[in-house]
Amino acid sequence: LHDEVERARVFHKPNEPPPQAPQLHMLVHHEEHWPHLFHQKLRINPEIFDDILNQISGHPIFCNQSNNPQLPVSIQLAIFLNCASHYGNAISLKDVAQ
C-alpha cells in the first residue's frame, strides 16, 4: 500500500502557484438558497444588492469601447462590496479571489 501511495502522490511544485477558481458564481446560488451566506460575504442583503445593481447598471462608466471587455456589473459590484466591507489590511488576496 505504501508503494502505491508513493506512486500516486502528486508533489507541489513551488514555482507554480496552486490553481484557484473564483467563487463569484456561487453568489447567485447563495442569493437564491442561502441569503445569510450572501450577506456574510458581501455585508448586504440580496434585495439591496439587486436594487443597487439596477440603479448603476446603465451608468456609462460600465460601458467599455476597448477590445478588453469589462467584467459584468454584478461582479464588479460584488468585488467592490467585498473589499469595502473590510478595514485596511484585514482583507486578504485569497478572500478577494473567492
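Right above here is the structure, for reference.
What you are looking at is a predicted structure, and each value in this text was computed from that prediction instead of being measured.

Caption draft 1: Just helix α4 (residues 46–56), in detail. Within α4, burial applies to P46, F49 and L53. For α4, the angular spread of buried residues about the axis comes to 55 degrees, placing them on one side. Those residues of α4 that are exposed and angled more than 90 degrees off the buried face are E47, N54 and Q55.

Caption draft 2: Just the packing of α4 against helix α5 (residues 73–84), in detail. For the pair α4 and α5, interaxial distance at closest approach is 10 Å and the crossing angle is 125 degrees. Overall, the two elements α4 and α5 adopt an arrangement that is oblique. Relative to α5, α4 is oriented so that their crossing is right-handed. Facing F49, I52, L53 and I56 of α4, the residues of α5 in contact are V73, S74, L77, A78 and L81. Looking at the contact of α4 with α5 residue by residue, the class counts come to eight nonpolar, one polar and no charged.

Rules used throughout
Residues numbered from 1 in each chain as written. Predicted model: local features only at pLDDT ≥ 70, side-chain atom pairs only at ≥ 80, totals over all residues. Heavy atoms only, no water. Buried < 20%, exposed > 50% of the residue type's maximum accessible area, 1.4 Å probe, protein only. Helix = DSSP H or I, 4+ residues; strand = E, 2+ residues; numbered from the N terminus. Arc of directions from axis to C-beta. Axes fitted to C-alpha atoms, helices over the stretch in contact; angles between N-to-C directions. Parallel < 35°, antiparallel > 145°, perpendicular 65-115°, else oblique. Left-handed = near helix turned anticlockwise from the far one by under 90°. Contact = heavy atoms within 4.5 Å. Nonpolar A, V, L, I, M, F, W, Y, C, P; charged D, E, K, R; others polar.

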